[in-house]
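The chain contents come next:
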Amino acid sequence: MDKKYSVVFIRHGESEWNKMNLFCGWHDVGLSEEGEWDALEISAASLKRENFTFDVAFTSCLRRANQTLEVVLRELNLTHIPVHQLWRLNERHYGALTGFNKRQMADIYGEPQVQVWRRSFNVPPPPIEPDNPYYSAIRNNPKLRHIAETDFPLTETLETTMQRVVPEWTDTIIPEVRAGKKVLVVAHGTSLRGLGKHIQDADIMKFNLPNSIPFIFDFDENMKMVGGIRFLANQEDVLKAMEKVASIGK
């Protein structure tokens, strides 16, 4: 099959809470200094080196993804293109784990249970309760107020994250791709893993998507994937970045 379309994806750079090894989910934290550097020197630099350009960009409503996209567009001189912030591209909601240290949770619940919550397809963490210190900040985030009460999650799995991400891909992003536009998507680990599972139907329970390194999916005229995932980095750097993600919480 011949390649007709390509879409570029980026998982945001390291956030302040990634740095502190905390479950983040829908809490709206910014990039760490390293995350800002990675957005500039890995995300933007690799796209610039390969002469990528874009007509439209899609991202979540969360600051860490927005900041990563802003750096990329600034460095590529593309700050004029349309940017769509879509809540359905948000990271998975980690429920009652939000704000807690991953190592501490493993010590309390056991490493196997925490890994099931993090990596299984359909086993959710306990829902977030109003006494969680970040409950109010999430529910009252002005960027999330437009979400219908029935759609606002209290906890999510990869499965329920896919139930919101995939329709956004199908109904909003694919039409732009089919129209011949060069599309960039900057989002989060679980929302992108869910999209990846939908696109290539792979077993991704243990797939650790690296921060900051752009990757590409190629499609035929029917939007069926052609070939495998392509990272804009050498294999050694990709594996090293995947190992860093895998080691979080250990």
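Refer to the structure presented above.
All chains use their own residue numbering, which begins from 1 and follows the written sequence. The predicted origin of the model limits local features to residues at a pLDDT of at least 70 and limits the giving and counting of side-chain atom pairs to 80 or more, whereas totals for whole chains, interfaces and linings rest on all residues. In computing side-chain properties, one takes all heavy atoms of the structure into account and sets aside hydrogens as well as water.

Caption draft 1: The sheet that holds strand β3 (residues 83–85), seen in detail. Pairs of strands are assigned from DSSP output, requiring at least two bridges between the strands. Only runs of H or I of at least four residues qualify as helices and only runs of E of at least two qualify as strands under DSSP, and these elements are numbered from the N terminus. The 6 strands are arranged β3-β2-β4-β1-β5-β6 in an open sheet whose pairing can be described as mixed. If you trace the sheet from one side to the other, it starts and ends with β3 and β6 (225–231), each paired once. Between one strand axis and the next, the sheet turns by 20 degrees as a mean value, whatever way the strands run. In the sheet, strand β1 (residues 5–11) pairs with strand β4 (residues 183–187) via 5 bridges, with the strands oriented parallel. Here, axes are lines fitted to C-alpha atoms. For helices the fit covers the stretch in contact, and angles between N-to-C directions go from 0 to 180 degrees.

Caption draft 2: Just the pattern of salt bridges, in detail. Every case where a carboxyl oxygen of Asp or Glu lies within 4 Å of a side-chain nitrogen of Lys or Arg is listed as a salt bridge. The final tally for this structure, using the stated rule, is 10 salt bridges. In this structure, Arg-139 and Glu-149 form a salt bridge, with 2.9 Å as the shortest nitrogen-oxygen distance. Separated by 10 residues along the polypeptide, Arg-139 in helix α6 (residues 135–139) and Glu-149 in the loop between α6 and α7 (158–178) bring together distant segments of the chain. Across the pair Lys-181 and Glu-176 runs a salt bridge, and its minimum N-O distance is 3.1 Å. The rule is simple: take the accessible area with a 1.4 Å probe, protein chains only, and divide by the maximum for that residue type; under 20% is buried, over 50% is exposed, in between is partly exposed. By relative accessible area, which is 37% here, Lys-181 ends up partly exposed.

Caption draft 3: A look at unusual backbone geometry. Here Asn-77, not a glycine, exhibits a phi torsion of approximately 55 degrees, which is positive. Take Asn-77: it is sitting in the loop between α3 (63–75) and β3. Backbone geometry at Ser-212 places phi at a positive 80 degrees, although glycine is not the residue there.

Caption draft 4: Structural view of the environment of Pro-130. Residue position: Pro-130 is located in the loop between α5 (111–119) and α6. In this structure, the C-alpha to C-alpha distance between Pro-130 and Ala-96, residues 34 residues apart in sequence, is 9.7 Å.

Caption draft 5: Structural view of the pairing of β6. Summarising the sheet, strand β5 (residues 215–219) and β6 pair through 4 bridges and their orientation is antiparallel. Note that in β6 the partner of Asp-218 across the bridge is Val-226.

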